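# Structure assessment
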Amino acid sequence: MRRLVWGALIFTLMLGLVAVSASARKKLVRRNPIPVGSFWNKLKLRSDHQALLLLLGGMQHAAKIEYQLTYSTNGVAQGINGSHEPALGNTQKELVFGTCSNNDCIAATNLTDMIFELRVALENGQTLVKRYQISP
């Protein structure tokens, strides 16, 4: 008789734990319904190493995208800031190392300390930050 009572008590406790675990899982899913892994990016140096190619995709849950490329040329700090409107869809951007005026560009030389940072604000309030050190 004691075994039967203890068995029923243990069964009831285990059933309660399973119910709590299931409700805890439901709350976790509700808290973060937007898949973070849908956004992707790819970086690649152009074949002449005078520009960085940035490819962005999977932006259906992105609210805002900003990027910054910093580098030094002959010991002088340089940089490029930019953004992309996620509603425009996938894109490819070419970030040129150098300066341009009226379509006349001067390429940067002796590139060092190249760092690229990407910030993606998601619709669910999360912000993804990806940082890359680029080797020439």
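Structure's up top.
### Examining the sheet that holds strand S2 (residues 51-57)
- Taking strand neighbours across the sheet as the criterion, the 3 strands line up as S1-S2-S5 in an open arrangement whose pairing is antiparallel. The sheet is open, and its two borders are formed by strand S1 (40-45) and strand S5 (91-96), each paired with just one other strand. Pairwise comparison of adjacent strand axes, ignoring direction, gives a mean angle of 20° for this sheet.
- The sheet contact formed by S1 and S2 spans 6 bridges and is antiparallel. Note on S2: the bridge partner recorded for Lys42 is Leu55.

### Comments concerning the sheet that holds strand S9 (residues 127-134)
- Reading across from one edge, S4-S3-S8-S9 is the order of the 4 strands in this open sheet, with antiparallel pairing throughout. Of all strands in the sheet, those with a lone pairing partner are strand S4 (76-84) and S9, marking the two edges. Geometrically, the sheet is characterised by an average inter-axis angle of 10° between neighbouring strands, direction not taken into account.
- Inspection of the sheet shows strand S3 (residues 62-73) paired to S4 by 9 bridges, in the antiparallel sense. Opposite Tyr67, over in S4, you have Gly82 as the bridge partner.

### Looking at the packing of aromatic side chains
- Here the structure, examined in full by the defined rule, presents 3 aromatic pairs.
- With a centroid separation of 5.2 Å and an interplanar angle of 85°, the aromatic rings of Tyr71 and Phe97 are classed as edge-to-face. Of this pair, Tyr71 sits in strand S3 while Phe97 sits in the loop between S5 and strand S6 (98-101), and the two are 26 residues apart along the sequence.
- The class of Tyr71 is buried, set by a relative accessible area of 3%.
- A ring pair is formed by Phe116 and Tyr132, whose centres lie 6.4 Å apart and whose planes are at 40°; its orientation type is tilted. In this pair, Phe116 is assigned in strand S8 (residues 111-122) and Tyr132 in strand S9, connecting sequence segments 16 residues apart.
- By relative accessible area, which is 29% here, Tyr132 ends up partly exposed.
- In this structure an aromatic cluster arises from ring pairing among Tyr67, Phe116 and Tyr132.

Cut-off values and rules
- Residues numbered from 1 in each chain as written.
- Predicted model: local features only at pLDDT ≥ 70, side-chain atom pairs only at ≥ 80, totals over all residues.
- Heavy atoms only, no water.
- Pairing = 2+ DSSP bridges.
- Helix = DSSP H or I, 4+ residues; strand = E, 2+ residues; numbered from the N terminus.
- Axes fitted to C-alpha atoms, helices over the stretch in contact; angles between N-to-C directions.
- Phe/Tyr/Trp six-rings, centres within 6.5 Å; stacked < 30°, edge-to-face > 60°.
- Buried < 20%, exposed > 50% of the residue type's maximum accessible area, 1.4 Å probe, protein only.

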